[in-house]
Amino acid sequence: MYLARAASSSSSRSLLFSFRFSFPSSSFRSPPVSSHLLRRSFVTSLPRLTHSRPFPLRVGPQIRAVSPVLDRLQRTFSSMASEHPFKGIFTTLPKPGGGEFGKFYSLPALNDPRIDKLPYSIRILLESAIRNCDNFQVTKEDVEKIIDWENTAPKLVEIPFKPARVLLQDFTGVPAVVDLACMRDAMNKLGSDSNKINPLVPVDLVIDHSVQVDVARSENAVQANMELEFQRNKERFAFLKWGSTAFQNMLVVPPGSGIVHQVNLEYLGRVVFNTKGLLYPDSVVGTDSHTTMIDGLGVAGWGVGGIEAEATMLGQPMSMVLPGVVGFSLSGKLRNGVTATDLVLTVTQILRKHGVVGKFVEFYGDGMSELSLADRATIANMSPEYGATMGFFPVDHVTLQYLKLTGRSDETVAMIEAYLRANNMFVDYSEPQQERVYSSYLELNLDSVEPCISGPKRPHDRVPLKEMKADWHSCLDSKVGFKGFAIPKEAQEKVVNFSFDGQPAELKHGSVVIAAITSCTNTSNPSVMLGAALVAKKACDLGLQVKPWTKTSLAPGSGVVTKYLLKSGLQKYLNQQGFNIVGYGCTTCIGNSGEIDESVGAAITENDIVAAAVLSGNRNFEGRVHPLTRANYLASPPLVVAYALAGTVNIDFETETIGKDKNGKDVFLRDIWPTTEEIAQVVQSSVLPDMFRATYESITKGNPMWNQLSVPENTLYSWDPKSTYVHEPPYFKDMTMDPPGPSSVKDAYCLLNLGDSITTDHISPAGSIHKDSPAAKYLLERGVDRKDFNSYGSRRGNDEIMARGTFANIRLVNKLLNGEVGPKTVHIPTGEKLSVFDAAMRYKAAGEATIILAGAEYGSGSSRDWAAKGPMLQGVKAVISKSFERIHRSNLVGMGIIPLCFKSGEDADTLGLTGKERYTIHLPTDISEIRPGQDVTVTTDTGKSFTCTVRFDTEVELAYFNHGGILPYVIRNLSKQ
C-alpha cells in the first residue's frame, strides 16, 4: 500500500516556464567542427567550454569562422570570468592517483546547512544558478532563493535556469528548425545579422517519429519500412540535414537509429559534463514530454514546447517558478512475475490522485536498490502521465553500474562519481542518510504492486489484471466516456465472421487487432523485452499461435535490443508469433501503426465493433493509436504478447484459457509466464557493454539512404513554394521593430465549446490524415496522391497543412454539435455546420475574433507546439478553461494567445454559457496595466458577466504577449544587439 502525508510547506501550484531575454549572453563559442554526417560546433557558456560525450564522435577537422557578435560576447565574458560572484567556492577535484579531473563550483564550500536538507533535484538548480551567476542574467538573489527553497517554494518565487543542452525529435525538430530558418529571414529583412540566429547550447535531434508500420510480420520489415519512410520524408530529412550544417552546435542522429529517449539514456546523457576541465551536472529540456526518461539516470530533464526550446537554444535562461518536491519513498521489492510496467502504472495512479502537476517528484528509500536503472527510467518516463515536471532518481551505485553497462569508460564513470560525491549530489545507501525536506511525502511498498494494464482511453485509468474482464464489461455497458462505449446488452456478444486471406476469421467486441511492443517507456528495459521473448518462446513450445489478422509488431528503442534478443536466441520465437522487428522508432505509440488489413477494417466499421489495441506505450488517448481501435490498453511487453495470443481483452487470465497446446490441453497465462529469476538469468548473459559501444559507434556513420541526401550549403534556406512538407510560416510577415502591444478581444465568437481532458492529440493530431479532411483537400489540390499523404506529424514543417489539421481529430467532442462526435463546429452567425478550419477561416475573413471554451486539463498529453500555433493561425485569441496542462499553457502564451481560467467551482456549464454568445475580454490595452495572475472580467452579448484569472504567470510572459509572442520578442531583442 502507499501512504501520503502533507508537509507544512506543500503548496498546490503549477511549475511555470518562460524566458528571461538579456544580452550580452553568458555563452561564448569555441571553433566549431563538422563531419560529412553530423555537425557539432562546440559552444561554451561561462563556464561552459565544450560539448563532451561518453564516446568520441569521430568528427573531422573542418573549421568555420566565429561570427563577430560571438567574438564580442567572448571578449565580454572573458573579462567577467575573474569577477564571478562565487569565485571563492571554485575549487579543484583531484584524481585519486594524482592530477585533477577539473574544477567545479562546490556547494559544500558555501557552509550553509540549508543545502544539506535540499532535495537532490533542487541542488541541480542551485549549482546551475551559482555557475551561471553574473548578476545580470542570474543574480545572487536568485541563488539565495534556491538555497532557501524550504521557505521560498511555497511563495511561488521565480528563478532563472540554464539547461546544459536541448533535445529534439523530428516531429518537433522540423518546426523548430523551420522557425529558426524563418527567424533568420526576419532578421535579414530587419537589416540585422541573420547569423545571430544560432543555437548557443548543444542541440541533439534524433529522427525517430517518422517510421510507420506499413510492413509487419516479415523478415524484411525493417528495410521495407525504412525505404517507405525515406520515400515519404526525403524532403523533411534533407531539410534537417541542411539544418545540421547551416546551424552551428546541432547534432542530428539519422533515421533508423532508435527512439530519442532511449538514445538519450544509453548514449547522449552525460550525467556530468567535463567541459575543458569545468565540471557541472548534465541537464536537458526537450521538445518531447517524455524527455523525463533521463531523470532515471540522475539527469534533470523535462519537456518543454518547441517554442520554448527555440528560446533556450538562443541562449535564453528559462524563467521558472521554484517547484515543490514530492518525496516518494519506495520499500520492499516487486513480487515474482510483476513487471516495471505494472509498477509505473501503479505509481502513475498514486501520483495522479496525490496531485503533482508542476512539481518535481524525487524517489528514495530502501527499495531503490531493488530497482534497476531501466526500471527507474520506465517510472521517470511516464512523468507526464502522472502530471509531474520530473520523476527524479538521484545518482547512486545502480546508476554507475548502468553507465558502465552502456559503454561509458571507467575513467568517465570515475569522474562522475568523484564530482557528485564532492558536491553532495551522490546517494550512497550504504551510509547513514541525511534527512531531506520535501513539500509532501508518499510511500509505496513494492511488494503491494500487482499485474495491471491501463485503459481503454487514458493512461492513468489503471485496471488490475484480475479485474480486467469485469472492467471490460462495465465499459461496454457504460455511457460513452473515458470508461464507456454504450454498447446495448443485446449487441455485446455479437460475432462477425469474415474472410482473411481466404481463411475464415471472426471479430467480437474486444478483439485485439493491434498488438505492438513499442515506445520509449518499455523498449529500453531489457527485463520486459526479454520477458516478452520468453512468453513467445513458451507459447511456441506449446504450439500456441497469434491469430493472423492481429497486426503484431516490435519496434525497439535502439539497435542494442536487437543485439541482445539475437544473443539470447529468443528473437526467432517473437518472429514466429508475428512480432518481427519493424523499425527503430516510436511507431504505434504515436499513431504510426500503419493500416490494418482492409478485410479487418471493413468488419469493424460495417458492424460497429469496439476493436482493441494492446501496446507497451505510454499514451492511449482516443484516436491516437489507430482510428479503428476505440479501446486501447497500455501493458507490459510480456502482456502484449499474452493478449495477442488470447486474441481479446475480454478475458480473465486467472480462470480462462489462452488456448490449447499441441495435445489439446488447456493453456493458462501462468503456463507461459516467466519467473523473475528466468528473466534475470537471460538479462545477465545477453546484455553486454560491447553491444552498446558497437551500436552507438555505428550511429555516427549514418546509413546509405541518409548519407546519399544532398543539401545546399546556404545559411539562409531557399523556400520552395510548392513544397507540401516545408513551408515558410507567416509569423513574421510585415513585422516591424515596434511591439504591437496587447490585442483586445471584443465580441469574439466561440469557435469550439469543449469538455475536460482535451489533449494535444485532439487539438493537433499526430496520426493519419483523414481522406475527407481540409488537410487532405489541400494535398489533393496540389497533386499529392492519398497513398502519399503521410501523417500530420511528418508534415509539421508546413503551416498550411497543420492549420488545417488543427482540431481535425475524428474523436473531438464539441458541445456546439449537441452530441455529434467529429472535427466540425457550428458557424454561429449562419448556423452552418463546417469543419473547424473552414469555420475559422470564415471568421477570419470577416474580421471576427474567436475564443475557445474548455474544461479541466486542457492541452494535456504530448508537448506539441502546433497545438498552440494551429489555433493562432486559425485566429483564436483566447482559451478559457478550468485548468491547463503546464507546457501547453506556456505554448499558448508563446504564440500570443491569452490563457484564462474560470474561478474555482465555475465552468461554462455552471455559468450557463452555451458557446453561442459573443465574448469580450476586458483586458487593459497598455501592458504596464496588466499583472501576472490578475483577475479580468469577461462579458457576453447576452448580458452575462464572469471573472477569470489571466494565466500570464510571470512578468516575462507579459513581455512576450506585448510583442505578439516569444519569437518576435527574441528577434526584436537580438536585432538591437
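Residues numbered from 1 in each chain as written. Predicted model: local features only at pLDDT ≥ 70, side-chain atom pairs only at ≥ 80, totals over all residues. Heavy atoms only, no water.

**A word on the pattern of salt bridges**
So, step 1. Enumeration according to the criterion identifies 47 salt bridges in this entry.
So, step 2. Where Asp608 meets Arg630, a salt bridge forms, and the shortest distance between an N and an O atom there is 2.6 Å. With Asp608 in the loop between helix H20 (598-607) and strand S28 (612-615) and Arg630 in the loop between S28 and strand S29 (631-634), this residue pair connects regions lying 22 residues apart in the sequence.
So, step 3. Each of Asp112, Arg114, Glu144 and Asp148 takes part in one network of salt bridges that share partners. (Salt bridge = Lys/Arg side-chain N within 4 Å of Asp/Glu carboxyl O. Helix = DSSP H or I, 4+ residues; strand = E, 2+ residues; numbered from the N terminus.)

**Focus: unusual backbone geometry**
So, step 1. Cis rather than trans, the peptide bond between Gly455 and Pro456 has omega equal to 10°.
So, step 2. Here Pro456 is to be found in the loop between strand S22 (452-454) and strand S23 (462-464).
So, step 3. Positive phi is not limited to glycine here, since Asn111 has a value of about 55°.
So, step 4. Examined against the element boundaries, Asn111 turns out to sit in the loop between strand S8 (100-105) and helix H2 (113-116).
So, step 5. Although it is not a glycine, Asp734 sits at a positive phi angle of roughly 60°.
So, step 6. Within the secondary structure, Asp734 sits in the loop between helix H25 (704-707) and strand S32 (745-753).

**Re the nonpolar core**
So, step 1. Grouped together as the largest cluster of nonpolar side chains are 234 residues, with contacts concentrated most on Leu125, Trp302, Leu639, Tyr643, Phe653 and Tyr858.
So, step 2. With eleven residues, helix H6 (residues 170-189) is the single largest residue contributor to this core.
So, step 3. With residues up to four places along the chain from it excluded, the contact list for Tyr643 reads Ile453, Leu465, Met468, Val512, Val614, Thr648, Val649, Ile651 and Phe653.
So, step 4. With 27 residues, the next largest nonpolar core counts Val344, Leu351, Ala380 and Met382 among its residues. (Core = buried A, V, L, I, M, F, W, Y, C linked by side-chain atoms within 4.5 Å. Buried < 20%, exposed > 50% of the residue type's maximum accessible area, 1.4 Å probe, protein only. Contact = heavy atoms within 4.5 Å.)

**As for the sheet that holds strand S16 (residues 300-303)**
So, step 1. Read across the sheet, five strands follow the order S12-S11-S10-S15-S16 without closing on themselves; strand pairing throughout is parallel. The sheet is open, and its two edges are formed by strand S12 (250-253) and S16, each paired on a single side. On average, each strand axis in the sheet is tilted by 20° relative to the strand beside it, whichever way the strands run.
So, step 2. Pairing of strand S10 (residues 165-169) with strand S11 (residues 203-206) involves four bridges; the strand directions are parallel. Looking at the pairing, Leu168 lines up with Leu205 of S11.
So, step 3. In the packing of H6 onto the sheet, contacts are made with S10, S11 and S12, and the angle to S10 comes to roughly 115°. (Pairing = 2+ DSSP bridges. Axes fitted to C-alpha atoms, helices over the stretch in contact; angles between N-to-C directions.)

**Quick word on the side chain of Asn423**
So, step 1. Structurally, Asn423 can be placed in the loop between helix H14 (410-422) and strand S21 (440-445).
So, step 2. The buried category is assigned to Asn423, whose relative accessible area is 0%.
So, step 3. A distance of 3.1 Å separates the side chain of Asn423 from the backbone oxygen of Tyr105, its partner in a polar contact.
So, step 4. Residue contacts for Asn423: discarding those within four places in its chain leaves Phe104, Tyr105, Ser106, Leu107, Pro108 and Glu127. (Polar contact = N/O pair within 3.5 Å; in protein donor to acceptor, adjacent residues only side chain to side chain.)

**Considering the packing of H6 against helix H7 (residues 221-246)**
So, step 1. One way to put it is that H6 packs onto H7 with a least axis distance of 10 Å and a crossing angle of 55°. Taken together, H6 and H7 sit at an angle that is classed as oblique. Along this stretch, H6 crosses H7, giving a crossing that reads as left-handed. Here H6 contributes Asp170, Phe171, Gly173, Val174, Val177, Val178, Ala181 and Arg184 to the contact with H7, which in turn contributes Arg236, Phe239, Leu240, Trp242, Gly243 and Ala246.
So, step 2. Residue composition of the contact of H6 with H7, by class: nine nonpolar, two polar and three charged. (Parallel < 35°, antiparallel > 145°, perpendicular 65-115°, else oblique. Left-handed = near helix turned anticlockwise from the far one by under 90°. Nonpolar A, V, L, I, M, F, W, Y, C, P; charged D, E, K, R; others polar.)

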